[in-house]
Amino acid sequence: MDTEQFRKYGYEFVDWIADYMEKVEQLPVRSEVLPGEIKKQLPHAPPQQGEPMAQIFSDFQQIIMPGITHWQHPCWFAYFPANNSPASVLAEMLTAGMGAQAMVWQTSPAATELEEVVMEWLRQMLGLPEEMEGVIQDTASTSTLCALLTARETATGFMANEEGMRQPLVVYASTEGHSSIDKAVKIAGYGKKNLRHIPTDENYAMIPEKLEEAIKNDVAAGLIPACVVASVGTTSSTAVDPVRKIGEICRRHNVWLHVDAAFSGTAAIAEENRWMLDGAEYIDSFVFNPHKWMLTNFDCSAYFVRDTEKLIRTFEIHPEYLKTGADKEVKNFRDWGIQLGRRFRALKLWFVIRSYGVEGIRQMVNEHLRLARLFKEWIEEEKHFEVLAPVHVSLVVFRLNNGAAEDELDSLNRLLLEKVNATGEVFLTHTSLGGRYAIRMAIGQRTTQEHHVREAWDIIRAKAAETL
Ligand SMILES: *Cc1c(COP(=O)(O)O)cnc(C)c1O
């Protein structure tokens with residue numbers, strides 16, 4: 001393809017994306033294809049000769065689009081949002097166009113220095129302590145793995161890298177902690193049996209006294225407590241572990257404190273939500289995902305660390321072919337995580353923050369919080385419905401409850417959710433909370449307005465009436 005062709009299709013694709021943004025609302029939120037339906041329309045072997053773009057684009061529309069679930073639909077209420085924005089998409093186009101690597105400073109000085117700047121902006125936006133410095137990772141899962149690796153090295157005096165672990169190290173998270181913690185424990189070599197799931201209170205937040213008890217028991221048994229992962233906004237219900245109390249315990253026992261705020265962290269941009277980060281001075285590392293609720297298309301995970309020397313000692317490498325004269329004066333982000341080759345993700349973040357301003361992002365967050373509270377009120381007013389957890393940010397966890405036995409309620413709610421999603425008009429997902437099947441309404445799409453939330457509620461009530 002020559003540049004003239006590129007221009008032609010470039011304009012056409014931008015038009016297509018703009019049309020998609022305008023019309024996504026008319027599509028069924030969740031893809032309606034059956035397993036295998038897409039694959040069977042695609043050739044098993046690759047084409048030997050190049051094909052015309054017109055044909056490829058046509059197949060994209062005919063074959064691929066029906067198999068897309070529309071995360072940017074205003075009635076997206078499933079899992080968590082992964083909202084994007086026009087500014088972010090445009091920046092991503094430029095990033096792809098330049099195709100530059102951000103592994104070390106020299107491989108694109110602007111990529112490294114812009115990353116430093118936007119991470120400092122984000123730190124200020126969330127009100128994190130001044131000593132913290134940030135780096136962009138692909139996902140919260142990777143950020144949490146980096147935290148567990150750095151905690152491992154810190155707990156062993158940086159000897160685990162050299163010799164392996166001499167004594168078992170222990171990781172602590174609440175029973176509501178994200179599965180990425182379990183995964184990181186496996187990958188980082190702690191061993192699953194050295195992950196303690198600390199019980200939670202009636203609001204699904206970690207009980208600090210139980211944490212301290214577990215730490216003391218492990219110390220008495222000759223194990224080394226290495227890392228506590230506190231959740232600020234759990235996946236099931238956005239429960240908030242008490243960071244200050246947990247931080248005091250970590251300080252007393254010399255344990256790394258990592259905070260997973262992957263979704264809810266964005267809420268701290270609005271000052272009324274800063275209570276969630278009370279005790280931030282105790283945090284050793286912190287992750288939140290601009291790719292969830294901050295208008296930045298996937299992927300972009302913001303990882304902050306207090307003692308960057310520990311992070312760098314964990315990951316640094318010095319092969320001859322990567323040495324440059326500037327190494328002493330600059331940051332080389334390859335030493336701040338697992339990847340060597342890195343995408344230039346800072347650009348889209350820069351475009352987003354400048355395009356919306358902190359105030360614009362705050363307004364979006366506040367509007368989603370308002371909608372969630374409104375939805376919660378509707379549920380509370382409705383007979384046969386109940387809210388199952390405090391609404392801290394923009395997630396409402398609820399269920400239909402007509403007073404039937406618990407297992408009956410589980411199947412009733414499962415059926416209700418199936419009926420709701422089968423309309424194609426909205427998409428919600430479920431969780432298990434306190435052993436009960438619960439429906440989650442996660443509000444956070446950029447284009448979601450009150451009438452969309454209202455529509456979802458009308459559908460839920462109508463289907464509930466049918467179900468009962
Ligand atoms: C979404 C989420 C994760 C996982 O995020 P990825 O970026 O997909 O790895 C981890 N923890 C919490 C609390 C989350 O909400």
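Residues numbered from 1 in each chain as written. Predicted model: local features only at pLDDT ≥ 70, side-chain atom pairs only at ≥ 80, totals over all residues. Heavy atoms only, no water.

- Looking at an unreviewed UniProt entry, the protein carries the name Aromatic-L-amino-acid decarboxylase, with the source organism given as Dethiobacter alkaliphilus AHT 1.
- UniProt, in its Cofactor (unreviewed entry) section for the protein, records the words "pyridoxal 5'-phosphate". (UniProt positions renumbered as here; feature names shortened; annotations may be inferred.)

**Quick word on the sheet that holds strand β4 (residues 195-198)**
Here comes step 1: Spatially, 7 strands are ordered β2-β8-β7-β6-β5-β3-β4 in an open sheet, and the strand pairing comes out mixed. The open sheet has two edge strands, β2 (133-137) and β4, and neither has a second partner. Taken over all neighbouring pairs, the strand axes of this sheet differ in orientation by 20 degrees on average, direction set aside.
Here comes step 2: In the sheet, β2 pairs with strand β8 (residues 301-305) via 5 bridges, with the strands oriented antiparallel. Along β8, the bridge assignment pairs G134 with F304.
Here comes step 3: Helix α4 (residues 109-126) rests against β2, β7 (285-288) and β8 of the sheet, and its axis sits at about 80 degrees to β8. (Pairing = 2+ DSSP bridges. Helix = DSSP H or I, 4+ residues; strand = E, 2+ residues; numbered from the N terminus. Axes fitted to C-alpha atoms, helices over the stretch in contact; angles between N-to-C directions. Contact = heavy atoms within 4.5 Å.)

**Description of the packing of helix α5 (residues 140-155) against helix α11 (residues 308-315)**
Here comes step 1: The N-to-C vectors of α5 and α11 enclose an angle of 95 degrees; their axes lie 9 Å apart at closest approach. By the angle between their directions, the pair α5 and α11 is classed as roughly perpendicular. Of α11, the residues touching α5 (which contributes C146, L149, T150, E153 and T154) are K310, L311, T314 and F315.
Here comes step 2: When the residues that make up the contact of α5 with α11 are grouped by side-chain class, the tally is 4 nonpolar, 3 polar and 2 charged. (Parallel < 35°, antiparallel > 145°, perpendicular 65-115°, else oblique. Nonpolar A, V, L, I, M, F, W, Y, C, P; charged D, E, K, R; others polar.)

**Looking at the nonpolar core**
Here comes step 1: Core analysis: the biggest nonpolar cluster contains 62 residues, and L122, V228, L257 and F286 have the highest contact counts within it.
Here comes step 2: Here the element with the most residues in this core is helix α12 (residues 346-381); it accounts for 9 residues.
Here comes step 3: Every residue in contact with L122, bar those within four places of it in the chain, is listed here: F288, P290, M294, A302, F304, L349 and I353.
Here comes step 4: Counting residues in hydrophobic clusters, the runner-up holds 34 residues, among them A78, L371, F385 and V396. (Core = buried A, V, L, I, M, F, W, Y, C linked by side-chain atoms within 4.5 Å. Buried < 20%, exposed > 50% of the residue type's maximum accessible area, 1.4 Å probe, protein only.)

**Examining the site of the ligand**
Here comes step 1: Around the ligand sit 14 residues, and of these A140, S141, D260, N289 and K292 come closest.
Here comes step 2: Contacts to the ligand include H291, whose side-chain N or O atom sits 3.4 Å from an oxygen atom.
Here comes step 3: Taking 390 Å² as the accessible area of the ligand by itself, protein coverage stands at 87%.
Here comes step 4: Where the shell around the ligand is concerned, the elements lending two or more residues are α5 and α10 (290-293).
Here comes step 5: Per-class residue counts for the shell around the ligand are 4 nonpolar, 8 polar and 2 charged. (Near = heavy atom within 4 Å. Polar contact = N/O pair within 3.5 Å; in protein donor to acceptor, adjacent residues only side chain to side chain. Areas by Shrake-Rupley, 256 points an atom, 1.4 Å probe, with all protein chains shown as cover.)

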